Amino acid sequence: MYSRSEASNIRKAFWTTLGQYLKPVKNAAGETINWVNYKTGVRHIYFRMDAGKRDASVAIEIKHPSADERATVFDQFVSVKKIFEGAAGPDWDWQPVFYDEDGSAGSRIFSQLEGVSVFNKENWPQIISFLKERIIHLDQFWASVKFQFEP
């Protein structure tokens, strides 16, 4: 069991390490990008990476405050699902409704790697490989469809 500060330091070290692995990788437009804090450029659409005690995940989250608008945006993603699967692969879960740890509703498309822990440094290469591959594929997908989601 780690103290709060030890756990925080381990998480910081992991995200710094991931950032170092991703730093030389350019985005689909050939530009330098902060992969760990990926900005979609579209309000209420987020690309999130997470690594915890039991798993790691990459997700597209739609967090529009209006349930109707959120459903509309999710349907837009469904309409480009073939393009998405062509870029990112078929191993993603599509959730029209989910609730985050704060209890707020959203929609998400995510991929999860189970049985790994950010607190086990031996798992880091597997987690980093998983996150790196998927965020790069999401960027390739987003480069081809972003214009459809812009207001």
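In what follows, the structure referred to is the one given above.
Thresholds, definitions, all that
- Residues numbered from 1 in each chain as written.
- Predicted model: local features only at pLDDT ≥ 70, side-chain atom pairs only at ≥ 80, totals over all residues.
- Heavy atoms only, no water.
- Phe/Tyr/Trp six-rings, centres within 6.5 Å; stacked < 30°, edge-to-face > 60°.
- Lys NZ or Arg CZ within 6 Å of the ring centre and 35° of its normal.
- Helix = DSSP H or I, 4+ residues; strand = E, 2+ residues; numbered from the N terminus.
- Expected span 1.5 Å × (residues − 1).
- Buried < 20%, exposed > 50% of the residue type's maximum accessible area, 1.4 Å probe, protein only.
- Arc of directions from axis to C-beta.
- Contact = heavy atoms within 4.5 Å.
- Core = buried A, V, L, I, M, F, W, Y, C linked by side-chain atoms within 4.5 Å.
- Pairing = 2+ DSSP bridges.
- Salt bridge = Lys/Arg side-chain N within 4 Å of Asp/Glu carboxyl O.

A. Representation of the packing of aromatic side chains. Applying the stated criterion across every chain, the model contains 14 aromatic pairs. Ring geometry for tyrosine 38 against phenylalanine 47: centres 4.8 Å apart, planes inclined by 20 degrees, an arrangement best described as stacked. In textbook terms, an aromatic cluster arises when at least three aromatic residues are bridged by ring pairs, as seen for Trp35, Tyr38, Phe47, Phe74, Phe77, Phe84, Trp92, Trp94, Phe141, Trp142 and Phe149. One cation-aromatic arrangement involves arginine 48 over tyrosine 46; the distance from NZ or CZ to the ring centre is 4.4 Å. The positively charged end of lysine 81 is found above the aromatic ring belonging to tryptophan 94, 4.8 Å away from the centroid.

B. Inspection of helix H2 (residues 67–79) at higher detail. With 13 residues, H2 ought to run about 18 Å at 1.5 Å a step, and its terminal C-alpha atoms sit 18 Å apart, in line with that. Residues of H2 that are buried include every one of Arg70, Val73, Phe74 and Phe77, and no others. Seen end-on, H2 carries its buried residues on one side only, within an arc spanning 100 degrees. Away from its buried face by more than 90 degrees, H2 exposes Asp68 and Ser79. Residues of H2 that are buried sit in contact with strand E1 (45–51), strand E2 (55–62), helix H3 (81–88), strand E3 (93–99), strand E4 (105–114) and helix H4 (124–149).

C. Expanded view of the nonpolar core. Residues Phe77 and Trp142 are the most contacted members of the largest nonpolar core, which totals 44 residues. Residue assignment for this core shows that the elements contributing at least two residues are helix H1 (4–22), E1, E2, H2, H3, E4 and H4. The element best represented in this core is H4, accounting for 12 residues. Beyond its immediate sequence surroundings of up to four residues, tryptophan 142 is in contact with Tyr38, Thr40, Val42, Ile45, Phe47, Phe77 and Phe149.

D. Layout of the pairing of E1. Residues Ile45, Phe47, Met49 and Ala51 point to one face of E1 and are all buried, whereas Tyr46, Arg48 and Asp50, pointing to the other face, are not buried. Summarising the sheet, E1 and E2 pair through seven bridges and their orientation is antiparallel. Across the sheet, the residue bridging to isoleucine 45 is isoleucine 62, located in E2. Between E1 and E2, which follow one another and run antiparallel, lie three residues.

E. How the structure looks around the pattern of salt bridges. Across all of its chains, the model carries five salt bridges by this definition. Here arginine 134 ties to glutamate 133 by a salt bridge, and the two come within 3.6 Å at their closest N and O atoms. Arginine 134 gets classed as buried once you look at its relative accessible area, which sits at 12%. Between lysine 146 and glutamate 150 there is a salt bridge; the shortest N-O distance is 3.9 Å. Ionic contacts of the salt-bridge type, sharing partners, join the residues Asp91, Glu133 and Arg134 into one network.

Functional significance is not addressed by these values, which are geometric in nature.
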